[in-house]
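# Results of the structural survey
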Amino acid sequence: MSQGKSDINVPLAKRLQTEGNELFRRGQYLAAVQKLTEALDNNPADTALHANCAEISRAISEYLDVSWDGEESAELEAAYARARTRRAAASHGSSACIELQQGIECLSDLDKLTPVERERKRDFQEELKEAYAATLKVRSNQFIISEELPSSGTLPWDVAAKAVDGKTIAEKPSCVFLIHSAYEELHKAVLAIETPRTDKNAQGEEVRIIPLNSRLLTNQPMPADLENRLFGGWAECGGAATIKKEAPERLKAKGWTSVAAALDFTIRTWVFTAWARQQMGHFDLSRRMLMDALDVLEWGRKQWPDIPTKDRGVVFERRFIRSVKVILLEIMRESVFRDGPTEITYDELIQFAEDIVNDAGSDTDTPPSKTSFDSLAYWFYPKGTALSVLGWTYLRKVTQASPGDRQRTPNLRKAFRYYLSAATNFLEDDEYYVQFLGKALECMCSMGSIPLGETLRLCKNIRESFYKAIEIWGAPPYGDALRTLFSRVKEFEDKYRQLILEGKCTLDAISGRFPGARG
């Protein structure tokens, strides 16, 4: 089933991909699937093409769920299944496990299989076992490689565990309490994955949940599949439109216990998958998944406005929705950074960030206080992140502007104010507090109108917060960025303090350029 180099035709694959996307935009889904399938046949190793196919597949999956045209749906389902088999053949590692399993399931759902498809199905069942073994090997290698640094005990969560030592955040506000709490929650989640247990599925049947490593070795379904079936979720059954149709119906039939668990699992799965996809560079797919999640969350708040949180679940709370928006905002920013303001404009990025800032400011469910874990995690840090994206956007406008652009200085001022405000939403020993103050200093120096007295005061603030942060964030890669910034600040500060001592300038003199600044 392997494909030789002589069979690869990249130009043809690109042309077929373009044609397939255009057909999809026109709503010609069957033709789109056929074009993309041909594209995969001609260039199966193209990761961008696989990401493109994943987006199309997800959209088509939702279309199939809501389509009233039985004949068209059947024909499209067949083409969709054949596309799955080709994607499975070209995948590797954990992606191969997913694609092979879904390809087999699609072929199993078809009434008639061609002789070639029957042979493929048998081959895929054998290859699925090999793919699971390969995935285990890859994950084991990653674990061994990553063991070196954690064993030193210098990573932020190691430092945080020692620093907390029975204290509370109210005694001494510090980011170590958030780090420690997050690490403990993650640790509990990992234990839950690795520990065998029994539970009941949506039909009330007892199900034995097998540990992750055992599943990989014994060709069992992966965790998300099992949990989705257990809770009766919609994670793999269409998108927002499907949930909006089925959730109210299920609510009438089974009540909140069933619906809340299914919605909670579905939303969290989409959010986590979107984050994971973003790590692989699949920004379009990640963005669409998060937009689907937000669509359901906003709809749910309007659909059930008076239902208490204990019934409908915390995913419909403003603070949870705000957290999802922050993840989407960071993906949007990364997309603009990599591809420029094409799919997402600067104005769209600014508007979305401002909405998060305003939402955090108007949400009074919990009084904002930096001595409260919830306030930091769901109010201050999301607001600070959104403000930093605003600062980044305006500074990027400056770096891409022509020398005579009249908006250069106003945009610099905005970038400075946003970065400075962003820093104040983080605790002083947090790495972001130091980094955002550094960006504010860079903006100040680039204005060409700020007295040395002001910039040197900010330098002192950065220096003092650096010493606090480096105790927690000293391990690479976190500490590397902080030390680089500190060296730049020290170079700037030492230069001008020496000039002042020599009588060559005063604190009223205009600040010079910050070392390494852009724009």
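Residues numbered from 1 in each chain as written. Predicted model: local features only at pLDDT ≥ 70, side-chain atom pairs only at ≥ 80, totals over all residues. Heavy atoms only, no water.

### Brief notes about the overall build of the chain
Scanning the chain for helices and strands turns up 21 helices and two strands. The 519 residues of the chain split such that 45% are buried. Look at the contacts in the chain between residues 6 or more apart in sequence, and 65% of them connect residues 24 or more apart. Surface exposure of the chain reaches about 26,700 Å², of which carbon and sulfur atoms provide 52%. (Helix = DSSP H or I, 4+ residues; strand = E, 2+ residues; numbered from the N terminus. Buried < 20%, exposed > 50% of the residue type's maximum accessible area, 1.4 Å probe, protein only. Contact = heavy atoms within 4.5 Å. Areas by Shrake-Rupley, 256 points an atom, 1.4 Å probe, with all protein chains shown as cover.)

### Considering the side chain of Asn-411
Tracing the sequence through the fold places Asn-411 in helix α18 (residues 408–424). According to the relative accessible area criterion, Asn-411 is buried, its value standing at 8%. Those residues within four positions of Asn-411 in sequence are excluded, and the remaining contacts are Tyr-394, Lys-397 and Val-398.

### Notes on the side chain of Asp-359
Residue placement: Asp-359 occurs in helix α16 (residues 346–362). Here Asp-359 falls in the buried class, since its relative accessible area comes to 17%. Here Arg-318 takes part through its side chain, which lies 2.7 Å from a polar atom of the side chain of Asp-359. Within polar-contact distance, the side chain of Asp-359 engages the side chain of Arg-322 at 2.7 Å. Beyond its immediate sequence surroundings of up to four residues, Asp-359 is in contact with Arg-318 and Arg-322. (Polar contact = N/O pair within 3.5 Å; in protein donor to acceptor, adjacent residues only side chain to side chain.)

### A look at the packing of aromatic side chains
We describe a pair of aromatic rings using the distance from one ring centre to the other and the angle between the two ring planes. Under the definition given, this model contains 17 aromatic pairs. Considering the side-chain rings of Phe-466 and Phe-486, the 4.2 Å spacing of their centres and the 15° angle between planes classify their relative orientation as stacked. Taken together, the residues Phe-466 in helix α20 (residues 452–473) and Phe-486 in helix α21 (residues 478–501) connect sequence positions 20 residues apart. Per residue, the accessibility class of Phe-466 equals that of Phe-486, and both read buried. (Phe/Tyr/Trp six-rings, centres within 6.5 Å; stacked < 30°, edge-to-face > 60°.)

### Description of the environment of Arg-287
Tracing the sequence through the fold places Arg-287 in helix α13 (residues 283–303). Residue classification places Arg-287 among the buried residues on the basis of a relative accessible area of 11%. Along the chain, Arg-287 and Glu-330 lie 43 residues apart, while their C-alpha atoms are 9.9 Å from each other. Aside from chain neighbours lying at most four places away, what touches Arg-287 is Leu-328, Ile-331, Met-332, Ser-335, Glu-343 and Ile-344.

### Quick word on the packing of helix α15 (residues 318–339) against helix α17 (residues 373–399)
Contact pair α15 / α17: the axes reach a minimum separation of 10 Å and the direction vectors enclose 25°. Looking at the two axes, α15 sits roughly parallel to α17. Regarding α15 and α17, the two cross each other, and that crossing is left-handed. Of the residues in α17, those in contact with Arg-319, Arg-322, Ser-323, Val-326, Leu-329, Glu-330, Arg-333, Val-336 and Phe-337 of α15 are Asp-374, Tyr-378, Trp-379, Pro-382, Thr-385, Ala-386, Val-389, Trp-392 and Arg-396. Its residues placed into classes, the contact of α15 with α17 shows 10 nonpolar, two polar and six charged. (Axes fitted to C-alpha atoms, helices over the stretch in contact; angles between N-to-C directions. Parallel < 35°, antiparallel > 145°, perpendicular 65-115°, else oblique. Left-handed = near helix turned anticlockwise from the far one by under 90°. Nonpolar A, V, L, I, M, F, W, Y, C, P; charged D, E, K, R; others polar.)

### Regarding the pattern of salt bridges
For the coordinates displayed, the defined rule picks out 22 salt bridges. Where Asp-264 meets Arg-268, a salt bridge forms, and the shortest distance between an N and an O atom there is 2.8 Å. In this pair, Asp-264 and Arg-268 both sit in helix α12 (residues 256–279), four residues apart, roughly one turn of the helix. The class for Asp-264 is partly exposed, based on a relative accessible area of 22%. Using a relative accessible area of 38% as the deciding quantity, one classes Arg-268 as partly exposed. (Salt bridge = Lys/Arg side-chain N within 4 Å of Asp/Glu carboxyl O.)

### Observations regarding α20
With 22 residues, α20 extends 29 Å between its outermost C-alpha atoms, agreeing within 8% with the 32 Å of an ideal straight helix rising 1.5 Å per residue. The largest bend in α20 is about 30°, located at Tyr-467. (Expected span 1.5 Å × (residues − 1). Bend = angle between axes of the 7 residues up to and from the residue.)

### What to know about the packing of α17 against helix α19 (residues 431–447)
Close contact between α17 and α19 brings their axes to 11 Å; oriented N to C, the two are set at 30°. Taken together, α17 and α19 sit at an angle that is classed as roughly parallel. Where α17 crosses over α19, the handedness of that crossing is left-handed. Contacts between α17 and α19 involve Gly-384, Ser-388 and Leu-395 on the former and, on the latter, Phe-436, Lys-439, Glu-442 and Cys-443. Residues that form the contact of α17 with α19 fall into these classes: three nonpolar, two polar and two charged.

### Let's talk about the environment of Glu-38
With respect to the element layout, Glu-38 can be found in helix α2 (residues 29–42). Remark: the alpha-carbon pair of Glu-38 and Gln-17, spanning 21 residues in sequence, is separated by 8.5 Å.

### Examining the confidence of the model for the chain
When pLDDT is averaged along the chain, the result is 78; 67% of the residues meet or exceed 70. For the chain, the element scoring lowest by mean pLDDT is helix α9 (residues 212–218), at 40; α18 scores highest, at 96. Counting contacts from residues 84–98, a segment whose pLDDT is below 50, to residues more than four positions away or on other chains yields 35 contacts. When the criterion is pLDDT under 50, residues 134–147 qualifies, and its contacts beyond four places in sequence or with other chains add up to 10 contacts. (pLDDT = per-residue confidence, 0-100.)

### Overview of the state of the cysteines
Working definition of a disulfide: a covalent bond connecting the sulfur atoms of two cysteines. Counted by the stated rule, this structure contains zero disulfides. Summary of cysteine pairing: Cys-445 is not part of a disulfide, and the nearest cysteine sulfur, belonging to Cys-459, is at 6.7 Å. Judged by relative accessible area, Cys-445 falls into the buried class, the value being 5%. (Disulfide = S-S within 2.5 Å.)

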